[in-house]
Amino acid sequence: MAAERGPPGLEAQRQQVEGDGPGQPGRERPLRAGEKWYLLENHWYQQWKAYVESGDQNSSSFPGRINNAELFEDLESYRLKDMLVEYEEYVLVPEEVWNKLVSWYGIEHEQPPIERKVVDLPSTQKVEVYLVELHLCQHSDMDTMVAAQFSRMDTIDAVLKDARRQFSVPAEDETRLWVKNADGSCERLRNLQMTVLDACLSSGQVVIMETRSKDGTWPSSRPHTMKNSVEDEELYQGQPGVCGLTNLGNTCFMNSALQCLSNVPPLTEYFLNNCYLEELNFSNPLGMKGEIAEAYADLIKQQWSGHHRSIVPRMFKTKVGHFASQFLGYQQHDSQELLSFLLDGLHEDLNRVKKKEYVELKDAAGRPDEEVAEEAWRNHKRRNDSIIVDIFHGLFKSTLVCPKCGKVSVTFDPFCYLSAPLPVSKERVMEVFFVSMDPCKKPEQHRLIVPKAGKVLDLCYTLSKHTGVPAERMMVADVFSHRFYKIYQKEESLSCILDRDDIFVYEVSMSTLEDPATADAVVLPVYLRERTQGRDYNESYYGVVLFGHPLLVSVPRDQLSWDALYQLLLHRLSRYVIQPDSEEEEDDQSEEEDLYSKRPNGLSEGEEEEEEEEETTVEGSTSQEPSSETEENPSDASLGEEGAGVQGRHSPNTSPHQAPRSPSSSPSPPTANQAKRKCCLPQRRRKMLFTLQPVNSNGTSDRMAGQDEGSAVSFNSQPYIAMDWDSEMKKHYYNETEAEGYVKHDCMGYMLKKNPVRLQECIELFTTVETLEEENPWYCPTCKKHQLATKKLDLWSLPEILIIHLKRFSYTKHSREKLDTLVEFPIRDLDFSDVIIKPRKDTDPMLYKYDLIAVSNHYGSLRDGHYTTFARNKDSGTWFYFDDSSVSSVLKAQIESKAAYVLFYQRQDKIRHPVHPAAAPTSAAATRDQEHYEPCCDSHSREQANRDFMDVD
């Protein structure tokens with residue numbers, strides 16, 4: 001349409017369109033990305049050009065209205081013809097030139113302007129004459145497609161909006177787009193602000209619009225289930241948020257953290273209201289391309305749809321494992337560690353700061369705290385601005401003092417949660433078995449209270465008060481699998497001993513504080529082994545199997561012989577080892593003589609006559625059978641004192657293991673290379689119940705004895721001895737029931753009482769002055785070196801949602817333990833008025849008071865355990881107990897327990913209470929649920945108290 005004012009002169013028109021002259025941006029000017037250019041039919045343009053160059057406004061070459069009819073395939077769809085050539089069939093003019101020409105000459109037949117944009121290609125900029133034509137369809141009906149054209153500079157959001165318009169999708173329904181690739185696979189178009197060009201969309205591609213179902217799920221994410229089951233889920237209507245999470249295998253830690261976050265009202269409403277869609281950050285190198293935020297949003301929408309009793313968080317678990325390899329697989333993890341990762345991941349995925357600037361941290365340098373704190377928070381927000389910061393981040397003051405120069409460093413640092421330490425007892429309870437030298441006494445089990453930071457000697461001093469045995473005459477050992485796993489020195493720390501270790505304390509005759517090299521006696525570790533019939537290496541070591549409890553036996557050095565050691569051990573085992581009586585020995589004598597005379601590898605009759613003076617070959621390479629002469633040997637007399645009168649201690653008739661004598665119970669025949677000693681065959685022989693063998697510390701391999709003529713016992717290295725029993729001998733003479741017996745000392749009835757602590761005490765410990773550890777020193781700018789400075793943390797400002805992590809898991813160099821102390825925490829009115837150091841003005845007291853909204857519980861031990869959740873529903877105000885897929889209402893009185901691990905508090909001024917709790921049907925139903933739940937709550941508590949958590953998950 002022509003303007004009311006007439007067009008300028010022809011020369012002025014030419015200059016404005018062609019761009020001749022200074023300040024005339026005509027069609028020959030450079031292109032700029034994103035601006036609009038228009039197609040102009042070349043014949044009309046040439047006519048106009050001839051007209052203005054003629055200089056005659058009344059010339060017959062007047063072009064008339066702009067007519068682009070030759071550029072369209074038809075005048076109904078106004079689809080551009082294919083393969084149009086610039087300068088032959090059209091020319092391009094910028095938006096300002098097009099507007100002038102339209103104002104001067106108008107457009108023929110109301111033709112639509114052919115508007116195109118300048119695209120920024122990798123190597124150049126050009127006007128896209130031909131748009132990208134996409135085929136749009138819905139996920140529910142992929143056969144019905146609609147063609148739509150888009151500029152390469154259009155955003156994916158523009159494509160989505162056009163698809164919603166084409167298919168008349170209601171405004172409240174949430175949608176997302178997929179693009180179908182040439183190989184048939186589909187890929188999410190996540191970033192709605194990305195251009196068609198950057199998304200690499202090309203003409204002919206199919207774009208699928210998917211609409212979220214009523215139950216919060218995406219149809220494409222559902223497993224292949226029957227249609228009826230899907231409809232049943234959508235028809236089910238429960239209370240929003242009261243939805244369990246299926247345990248995928250040791251994922252209770254994840255379920256617990258998710259249920260706690262799900263019941264944080266401002267965060268959940270942020271996702272339910274789709275506020276996250278506008279803040280997804282796809283370019284943050286510290287983020288996860290928005291995938292964690294989207295996966296969490298999908299989970300929340302399903303939980304709060306009210307259409308699920310329980311959902312399977314498999315997709316979320318996969319995303320977490322993809323971005324955090326520590327959570328791959330199905331091992332048990334810490335709910336607080338997952339919570340920390342998730343909050344950080346959500347923050348970076350939703351960070352409103354697209355490009356983080358460098359911020360230099362400054363020390364207070366004597367400035368007022370208010371100024372430094374304000375500066376620190378402002379700098380934090382310049383790089384970190386998200387819904388997570390809005391809800392969860394607070395500020396604490398950190399004060400470091402150098403112990404050398406007194407330099408004071410003050411900084412203000414943001415935090416997302418408080419890790420509050422628990423008061424740790426300086427004592428610990430240890431259970432040990434005391435083994436007396438008196439063979440008549442059974443081992444005693446003792447429960448000792450020892451210093452947690454004490455030494456092994458402290459344990460011995462405490463045990464000495466119970467037994468009367470001096471501490472220096474005790475040796476402490478860790479017994480595992482019938483052997484000594486470790487023998488402790490007196491100066492070793494008790495932290496090396498774990499609660500699960502089987503600790504035996506042995507009484508010895510010598511002082512362990514003496515130098516072993518100059519002591520009058522030697523302490524010998526002794527193992528019990530049973531020789532097996534075959535050499536089954538799967539179940540035994542070289543034909544022997546360890547059994548029973550090992551011993552620590554002290555032997556005087558001047559009486560150290562195999563015969564004496566045999567007698568001493570026989571005496572030490574006399575409580576549960578039955579000695580054969582004299583009649584049995586006489587009955588066996590003829591059998592032994594026959595056995596010795598008929599052995600195939602022994603002496604022949606001729607050789608026996610030559611050696612008949614006093615010597616014969618008997619077993620002696622690893623042990624010696626004592627003869628009647630041995631009892632008269634003065635060198636063995638003192639060792640034999642303990643063994644005196646042992647033979648008649650137990651009658652074989654009273655032993656439950658007594659059996660008739662058989663030839664197989666005879667001592668093994670000697671071999672050709674066995675040592676010799678004096679032994680007159682006609683004399684009565686004493687039956688050997690076991691043989692002795694030097695072994696390594698594990699008792700798995702024999703060592704060469706190194707003795708001469710079987711008299712002296714000598715060791716090349718480790719003095720470990722094995723008592724080898726023949727199976728038949730062990731069966732007849734070893735009372736296994738008696739050997740395993742022990743008695744409990746009176747102290748076993750004592751229980752170390754753990755008094756409950758208040759949550760406020762834990763918070764006070766958090767703000768207590770502490771000295772930095774050697775592994776984490778502070779660099780003092782004044783001393784120019786690292787120092788073990790003192791550090792104090794103070795709370796400056798608190799967030800709307802305060803997460804308090806109770807540090808129940810204690811880790812040191814030598815030990816790991818879980819503290820099961822009961823922490824008393826308030827459900828309402830947790831007051832921080834006394835711990836906030838920020839100068840307060842006349843503010844509402846509710847700004848310092850918090851109410852509990854969720855608790856992550858951990859039941860069990862350090863290695864094995866189970867996580868559950870208590871949470872308050874934001875809509876009804878009712879408390880629920882979430883145990884994986886199981887959900888039940890719960891009374892407030894049951895929330896406080898020793899299992900409380902992570903606490904979620906909300907500031908009172910931000911809490912939204914139910915509008916009409918008495919009149920609302922859901923509230924009444926919830927009340928009935930609580931009344932109905934009350935009798936079963938007690939059984940629930942008993943079940944948790946008695947639960948064996950070693951096999952959970």
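This text goes with the structure placed above it.
This is a predicted model, so every value here is computed, not measured.

Colleague: Got a minute to help me understand the overall build of the protein in this structure?
Modeller: When its secondary structure is counted, the protein shows 22 helices and 41 strands. Going through the 953 residues of the protein one by one, you find that 48% of them count as buried. Restricting the contact set of the protein to residue pairs at least 6 apart, pairs at least 24 apart contribute 72%. Carbon and sulfur atoms make up 49% of the accessible area of the protein, which totals about 47700 Å².

Colleague: What exactly am I supposed to notice about the packing of aromatic side chains here?
Modeller: To describe a pair of aromatic rings, you give the distance between the ring centres and the angle between the ring planes. Following the criterion strictly, the structure yields 30 aromatic pairs and no others. Ring geometry for Tyr527 and Tyr720: centres 5.9 Å apart, planes at 35°, overall tilted. Of this pair, Tyr527 sits in strand E20 (residues 521–531) while Tyr720 sits in strand E25 (residues 720–726); the two residues are 193 residues apart in sequence, bridging distant segments of the chain. The two residues Tyr527 and Tyr720 agree in class, both being buried.

Colleague: Looking at this structure, how should I read a negative patch on the surface?
Modeller: Negative charge collects at one region of the surface, where Glu514, Asp515, Asp520 and Asp558 lie side by side. Its place among the elements puts Glu514 in the loop between strand E19 (503–507) and E20. For Glu514, a relative accessible area of 42% gives the class partly exposed.

Colleague: When you look at the packing of helix H7 (residues 265–272) against helix H8 (residues 291–303) in this model, what are you seeing that I'm missing?
Modeller: Think of two packed helices as two axes; the pair is described by the angle between the axes and how far apart they sit. At their nearest, the axes of H7 and H8 sit 9 Å apart, and the two run at 95° to each other. Accordingly, the angle class assigned to the pair H7 and H8 is roughly perpendicular. Between H7 and H8, the residues in contact are Leu267, Thr268, Phe271 and Leu272 and Ala293, Tyr296, Ala297, Ile300 and Lys301, respectively. Looking at the contact of H7 with H8 residue by residue, the classes come out as 7 nonpolar, 1 polar and 1 charged.

Colleague: Whenever I open this one, the nonpolar core confuses me. Can you help?
Modeller: One recurring pattern in soluble globular proteins: nonpolar side chains tend to sit buried together. Judged by nonpolar contacts, the single largest core of 55 residues is most densely connected at Leu261, Leu267, Phe271, Tyr296, Phe316, Phe392 and Phe904. What Phe271 contacts, discounting residues up to four positions off in sequence, is Tyr276, Ala293, Tyr296, Ala297, Ile300, Lys301, Leu346 and Leu350. Ala420, Leu795, Tyr881 and Ile895 belong to the second largest nonpolar core, which has 37 residues in total.

Colleague: Is there a simple way to think about the sheet that holds strand E24 (residues 690–695) in this case?
Modeller: Strands in a sheet are paired, the pairing made by backbone hydrogen bonds, and the direction either parallel or antiparallel. Pairing within the open sheet is mixed, and its 4 strands lie in the order E21-E20-E25-E24. Both edges of this open sheet fall to strand E21 (544–556) and E24, since each of them pairs with a single strand only. Neighbour to neighbour, the strand axes of the sheet diverge by 30° on average, direction disregarded. Strand direction decides the pairing type here: E20 and E21, joined by 10 bridges, are antiparallel. Its bridge partner lying in E21, Leu524 is registered against Val553.

Colleague: What should I look at first to understand the sheet that holds strand E5 (residues 132–138) in this one?
Modeller: If you walk across this open sheet you meet the 5 strands as E6-E5-E9-E7-E8, and the pairing is mixed. Only two strands of the sheet have a single partner each, and these edge strands are strand E6 (141–150) and strand E8 (186–188). Strand-to-strand twist in this sheet, taken as the mean axis angle between neighbours without regard to direction, amounts to 35°. Inspection of the sheet shows strand E7 (residues 175–180) paired to E8 by 3 bridges, in the antiparallel sense. Within the sheet, the bridge partner assigned to Val179 lies in E8 and is Glu187. Docked against the sheet, helix H4 (residues 156–166) engages E5, E6, E7 and strand E9 (206–211), running at close to 125° with respect to E6.

Colleague: Is there a simple way to think about the packing of helix H6 (residues 252–262) against helix H10 (residues 335–349) in this case?
Modeller: Following both chains from N to C, one finds H6 and H10 inclined at 55°, their axes separated by 8 Å at the closest point. Regarding the angle of H6 to H10, the classification is oblique. The crossing of H6 and H10 is right-handed. Side by side, H6 and H10 meet where Phe253, Met254, Ala257, Leu258 and Leu261 of the first sit next to Ser335, Leu338, Leu339, Leu342 and Leu343 of the second.

Colleague: Can you walk me through the pattern of salt bridges in this structure?
Modeller: Side chains that differ in sign of charge can pair as their charged atoms come close. Following the criterion strictly, the structure yields 47 salt bridges and no others. Of the charged contacts, one joins Arg79 and Glu73 as a salt bridge, the two residues approaching to 4.0 Å between their closest N and O atoms. Classification of Arg79 by relative accessible area gives partly exposed; the value is 34%. Of the residues examined, Glu73 reaches a relative accessible area of 44% and is grouped as partly exposed. For the salt bridge of Glu128 with Arg152, the shortest nitrogen-to-oxygen distance reads 2.9 Å. A residue pair is termed long-range when its members are at least 10 positions apart, and Glu128 in the loop between strand E4 (125–127) and E5 and Arg152 in the loop between E6 and H4 qualify at 24 residues. Among the residues examined, Glu128 registers a relative accessible area of 4% and is labelled buried. For Arg152, a relative accessible area of 24% translates into the label partly exposed. Within this structure, Glu279, Arg352, Lys381, Asp385 and Asp390 form a network of salt bridges that share partners.

Colleague: Teacher, can you tell me more about H8 here?
Modeller: The end-to-end C-alpha separation of H8 is 18 Å, in line with the 18 Å expected for 13 residues at 1.5 Å each. Among the 13 residues in H8, 13 count as buried, and that is most of the element.

Colleague: Quick question: what am I supposed to make of unusual backbone geometry here?
Modeller: Excluding glycine, residues mostly carry a negative phi; peptide bonds, for their part, are mostly trans. For Asn250, which is not a glycine, the phi torsion comes out positive at approximately 60°. Structurally, Asn250 can be placed in the loop between strand E10 (244–245) and H6. The phi dihedral of His482 falls on the positive side, at around 70°, and the residue is not glycine. Here His482 lies in the loop between strand E17 (474–480) and strand E18 (483–488). Among the residues examined, His482 registers a relative accessible area of 34% and is labelled partly exposed.

Colleague: Please clarify how the pairing of E9 should be interpreted in this entry.
Modeller: Within a regular beta strand, the side chains point alternately toward one face of the sheet and then the other, so they alternate between its two faces. Of all the 6 residues making up E9, 5 are buried; the element is thus mostly covered by neighbouring parts of the structure. Inspection of the sheet shows E5 paired to E9 by 4 bridges, in the parallel sense. Within E9, the residue paired with Gln138 across the bridge is Met209. Relative to E9, E7 runs antiparallel, the two sharing 6 bridges. Bridge pairing in E9 places Thr175 opposite Thr211.

Colleague: Looking at this structure, I do not really get the pairing of E19. What am I missing?
Modeller: Counting buried positions along E19 yields 5 of 5 residues, so the element is predominantly enclosed. On E19, burial covers both faces: Ile503, Val505 and Glu507 on one face and Phe504 and Tyr506 on the other are all buried. Where strand E15 (residues 427–435) meets E19, 4 bridges bridge the pair, whose relative direction is parallel. Each residue of the ladder has a partner; that of Phe434, found in E19, is Val505. When E17 meets E19, the two strands line up antiparallel, connected through 5 bridges. Bridge assignment links Met475 to a residue of E19, and that residue is Tyr506.

Reading the values: the criteria
- Residues numbered from 1 in each chain as written.
- Predicted model: local features only at pLDDT ≥ 70, side-chain atom pairs only at ≥ 80, totals over all residues.
- Heavy atoms only, no water.
- Helix = DSSP H or I, 4+ residues; strand = E, 2+ residues; numbered from the N terminus.
- Buried < 20%, exposed > 50% of the residue type's maximum accessible area, 1.4 Å probe, protein only.
- Contact = heavy atoms within 4.5 Å.
- Areas by Shrake-Rupley, 256 points an atom, 1.4 Å probe, with all protein chains shown as cover.
- Phe/Tyr/Trp six-rings, centres within 6.5 Å; stacked < 30°, edge-to-face > 60°.
- Patch = residues over 30% accessible without salt bridge, like charges linked within 9 Å, V, L, I, M, F, W, Y side chains within 5 Å.
- Salt bridge = Lys/Arg side-chain N within 4 Å of Asp/Glu carboxyl O.
- Lys, Arg positive; Asp, Glu negative; His and termini not counted.
- Charge placed at Lys NZ, Arg CZ, Asp CG, Glu CD.
- Axes fitted to C-alpha atoms, helices over the stretch in contact; angles between N-to-C directions.
- Parallel < 35°, antiparallel > 145°, perpendicular 65-115°, else oblique.
- Nonpolar A, V, L, I, M, F, W, Y, C, P; charged D, E, K, R; others polar.
- Core = buried A, V, L, I, M, F, W, Y, C linked by side-chain atoms within 4.5 Å.
- Pairing = 2+ DSSP bridges.
- Left-handed = near helix turned anticlockwise from the far one by under 90°.
- Expected span 1.5 Å × (residues − 1).

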